[in-house]
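# Architecture at a glance
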Amino acid sequence: QEKVQQSPESLIVPEGAMSSLNCTFSNSASQSIWWYQQHPGKGPEALISIFSNGNKKEGRLTVYLNRASLHVSLHIRDSQPSDSAVYLCAVSRETGNTGKLIFGLGTTLQVQP
Amino acid sequence: DPKIIQKPKYLVAVTGSEKILICEQYLGHNAMYWYRQSAKKPLEFMFSYSYQKLMDNQTASSRFQPQSSKKNHLDLQITALKPDDSATYFCASSQDNTQNTLYFGAGTRLSVL
């Protein structure tokens, strides 16, 4: 059974700082890795995904994937109070899958003005 | 306007009763899903449907029955409710059941007394 673990559990950063979130997964054959953002009382919203080893940048977000170490990280540059939310890491299980994503417990990010 | 509508937003039920959670999506997607989020647990995959056909069922109990009357509807019937069923149930959709972004509704928060 695929496991997804996220660290830290919670993170407090000042406005304008870099926020760095980590995720490890248990199966190197996992396909895409996704990061979702969830605000209180709302459903998760997809932020960015990565499939290949290396990094991918979209706006203030950068994600790094290292399949050998089963590790993916999300970095938010110039963090804003509106970035305060729970960040969920999710992996898809296999090619041509049934849309199943395995989620971690999340990292709660608080950006202080 | 929300593109995935879940009704009701909050639901209180008594043990042993039956409830139906409603989900409609207006994104023109062909795949729909149900996920469950319980306290202290990761978001958990329950079902996936593609073109109104069941693709994957990860719920151990037959008390949970998805119902797809139209391509953009996927309701969830839960019978013989138990307190352990208390959770937020999220409906999601994607273009199809391959490596696509999942779009989530705002959830139905179910409390079973």
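A brief look at the structure comes next. (Residues numbered from 1 in each chain as written. Chains lettered and ligands numbered in written order. Predicted model: local features only at pLDDT ≥ 70, side-chain atom pairs only at ≥ 80, totals over all residues. Heavy atoms only, no water.)

### Some points on the overall build of chain A
Test applied: By definition, any uninterrupted DSSP run of H or I lasting at least four residues is a helix, any uninterrupted run of E lasting at least two residues is a strand, and each is numbered from the N terminus. Contacts between residues were defined by any pair of non-hydrogen atoms, one from each residue, lying within 4.5 Å. Note on areas: these come from Shrake-Rupley sampling with a 1.4 Å probe, and a residue is covered only by the protein chains present in the view. Positive residues here are Lys and Arg, negative ones are Asp and Glu, while His and the chain termini are left out of the count. By convention, the point assigned to a charge is CZ for Arg, NZ for Lys, CD for Glu and CG for Asp.
Looking only at helices and strands, chain A has 0 helices and 11 strands in total. Viewed in the frame of its principal axes, chain A has a C-alpha envelope of about 40 × 30 × 20 Å. For chain A, contacts bridging at least 24 residues in sequence account for 55% of all contacts bridging at least 6. A total accessible area of about 5,300 Å² is found for chain A, and carbon and sulfur atoms account for 49% of it. When the 9 basic and 8 acidic side-chain charges of chain A are each reduced to a single mean position, those positions are 6 Å apart.

### Structural notes on the pairing of strand S5 (residues 44–50) of chain B
Looking along a regular strand, one sees the side chains alternate between the two faces of the sheet. Residue and element names in this part refer to chain B. So the rule is basically this: Relative accessibility decides the category of a residue: with a 1.4 Å probe and only protein chains considered, values under 20% of the type maximum give buried, values over 50% give exposed, and everything between is partly exposed. A pair of strands is labelled paired if DSSP reports no fewer than 2 bridges between them.
Extensive coverage of S5 is indicated by the burial of 6 of its 7 residues. As paired strands, strand S4 (residues 31–37) and S5 are joined by 6 bridges and run antiparallel to one another. Bridged to Tyr33 within S5 is Ser48. From the end of S4 to the start of S5, which pair antiparallel, there are 6 residues, and Lys40 there has a positive phi angle of about 65°. With 4 bridges joining them, S5 and strand S6 (residues 53–57) adopt antiparallel strand pairing. Residue Phe47 lies in a different strand from S6, and its bridge partner there is Asn57. Where S5 hands over to S6, the hairpin turn is made up of 2 residues, of which Tyr51 adopts a positive phi near 50°.

### A word on the state of the cysteines
All names here are of chain B. For clarity, the threshold we go by: Whenever a pair of cysteine sulfur atoms sits within 2.5 Å, that pair is classed as a disulfide.
For the coordinates displayed, the defined rule picks out 2 disulfides over all chains. Here Cys23 engages in a disulfide with Cys91; their sulfurs sit 1.9 Å apart. Because the torsion about its S-S bond is -70°, the bridge between Cys23 and Cys91 counts as left-handed. Of the two residues, Cys23 is situated in strand S3 (residues 19–25) and Cys91 in strand S9 (residues 87–94); the sequence distance between them amounts to 68 residues. The buried category is assigned to Cys23, whose relative accessible area is 0%.

### A few points about the pattern of salt bridges
Residues and elements named next belong to chain A. Heads up, the rule is: For this analysis, a salt bridge means a side-chain nitrogen from Lys or Arg found within 4 Å of a carboxyl oxygen belonging to Asp or Glu.
Counting across every chain of the model gives 5 salt bridges over all chains. The salt bridge partner of Arg60 is Asp83, with a shortest N-O separation of 2.9 Å. Here the residue Arg60 occupies a position in the loop between strand S6 (54–58) and strand S7 (61–66), and Asp83 occupies one in the loop between strand S8 (71–76) and strand S9 (85–92), the gap between them amounting to 23 residues.

### What to know about the interface of chain B and chain A
What counts is decided by this rule: Summed over both partners, buried area is the accessible surface (1.4 Å probe) that two parts give up on being assembled. Distance and chemistry together define a polar contact, namely a pair of N or O atoms within 3.5 Å, with one atom able to donate a hydrogen and the other to accept it when in protein, and with adjacent residues in sequence counting only for side-chain atoms on both sides.
Contacts between chain B and chain A engage 23 residues on the former and 22 residues on the latter. For the chain B and chain A pair, buried surface summed over both sides reaches about 1,700 Å², with 53% attributable to carbon and sulfur atoms. Applying the counting criterion to the chain B and chain A interface returns 0 salt bridges. One can count 5 residue pairs in polar contact (both at pLDDT 80 or more) joining chain B with chain A. Looking at the side of chain B that touches chain A, the elements with two or more residues in it are S4, S5 and S6 of chain B. Tallying contributions element by element places S4(B) first for the side of chain B that touches chain A, with 3 residues.

### Here's the deal with the sheet that holds strand S3 (residues 19–25) of chain A
Residues and elements named next belong to chain A. Here is the rule: Lines fitted to the C-alpha atoms define the axes, with helices restricted to the stretch that makes contact. Angles between their N-to-C directions range from 0 to 180 degrees.
The sheet built from 5 strands is open, its strands ordered S1-S3-S8-S7-S6 with antiparallel pairing. Strand pairing shows two members of the sheet lacking a second neighbour, strand S1 (4–7) and S6, which therefore form its edges. Between one strand axis and the next, the sheet turns by 15° as a mean value, whatever way the strands run. The sheet contact formed by S1 and S3 spans 4 bridges and is antiparallel. Within the sheet, the bridge partner assigned to Gln5 lies in S3 and is Thr24.

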